[in-house]
Amino acid sequence: MTVFFIILGLFSGVLLWYRQGDEAVVQALLSGGELIALVVPLVIIAIVMAAYAQALLPRRVVEHWLGRNAGWRGLLIATAAGAITPGGPFMAFPLVVGLRAMGASLPVCITYLTAWSLLGLQRILMWELPFFGLDFVALRLLVSLPLPLIAGIASQWLGEPRHR
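Quick caveat, the model's predicted, so the values are computed rather than measured. (Residues numbered from 1 in each chain as written. Predicted model: local features only at pLDDT ≥ 70, side-chain atom pairs only at ≥ 80, totals over all residues. Heavy atoms only, no water.)

1. Remarks on the overall build of the protein
Part 1 of the reasoning: Counting its secondary structure elements, the protein contains eight helices and zero strands.
Part 2 of the reasoning: Listing each helix as α and each strand as β along the protein from the N terminus yields α-α-α-α-α-α-α-α.
Part 3 of the reasoning: Here the C-alpha atoms of the protein give a radius of gyration of 20 Å, more than 25% beyond the 15 Å that 2.2 N^0.38 yields for 164 residues.
Part 4 of the reasoning: Taking the principal axes of its C-alpha atoms as reference, the protein extends roughly 60 × 45 × 30 Å.
Part 5 of the reasoning: Per-residue burial for the protein yields a buried fraction of 27% across its 164 residues.
Part 6 of the reasoning: Pairs at least 24 residues apart make up 75% of the contacts formed inside the protein by residues separated by at least 6 positions.
Part 7 of the reasoning: Here the protein has roughly 11,600 Å² of accessible surface; of this, 74% comes from carbon and sulfur atoms. (Helix = DSSP H or I, 4+ residues; strand = E, 2+ residues; numbered from the N terminus. Rg over C-alpha atoms; globule rule 2.2 N^0.38 Å. Buried < 20%, exposed > 50% of the residue type's maximum accessible area, 1.4 Å probe, protein only. Contact = heavy atoms within 4.5 Å. Areas by Shrake-Rupley, 256 points an atom, 1.4 Å probe, with all protein chains shown as cover.)

Structure representation (structure tokens):
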């Protein structure tokens, strides 16, 4: 996948140079550098936080509450945790990787990420309510609320994929 994106990036750069010249390529590289400078610290902080979570939570606790035998309890915990986790994928993804490494089941992780993306409290308060109003947000939440559980149940039904 990395090779594909390297080739795509090089092709895009050549196309940009061909269509708009050297100055556009330099401007795009500077803009990309600014984005990297913004994102890299967030990724480092998120990875460190995931490592702290791994160190603080005993494996047996994670396996008990979020593991294969957690059932509905694990799915409900994952739904609630996903809804209250602030931040973007730089926070949620490393946390899921860490929990998965500590024994959280795949359905629990899928439930968490689905809840994080659909029910994120921070996003609702900061963005949705001011833009769309209470009626719209309440209806969207009502129809979205069961979706993380449906995703978790469906992934339990489909089973754990074999590791490559």
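The structure having been displayed, the exposition proceeds.
2. Comments concerning the pattern of salt bridges
Part 1 of the reasoning: In the structure shown here, the tally under the stated rule is three salt bridges.
Part 2 of the reasoning: A salt bridge links Glu63 to Arg59; the shortest N-O distance between them is 2.9 Å. On the criterion of helical spacing, the pair formed by Glu63 and Arg59 is a turn pair, its members being four residues apart in helix H3 (residues 59-66).
Part 3 of the reasoning: On the basis of relative accessible area, Glu63 is assigned to the partly exposed category, the value being 36%.
Part 4 of the reasoning: Relative accessible area serves as the criterion here: at 44%, Arg59 is assigned to the partly exposed category. (Salt bridge = Lys/Arg side-chain N within 4 Å of Asp/Glu carboxyl O.)

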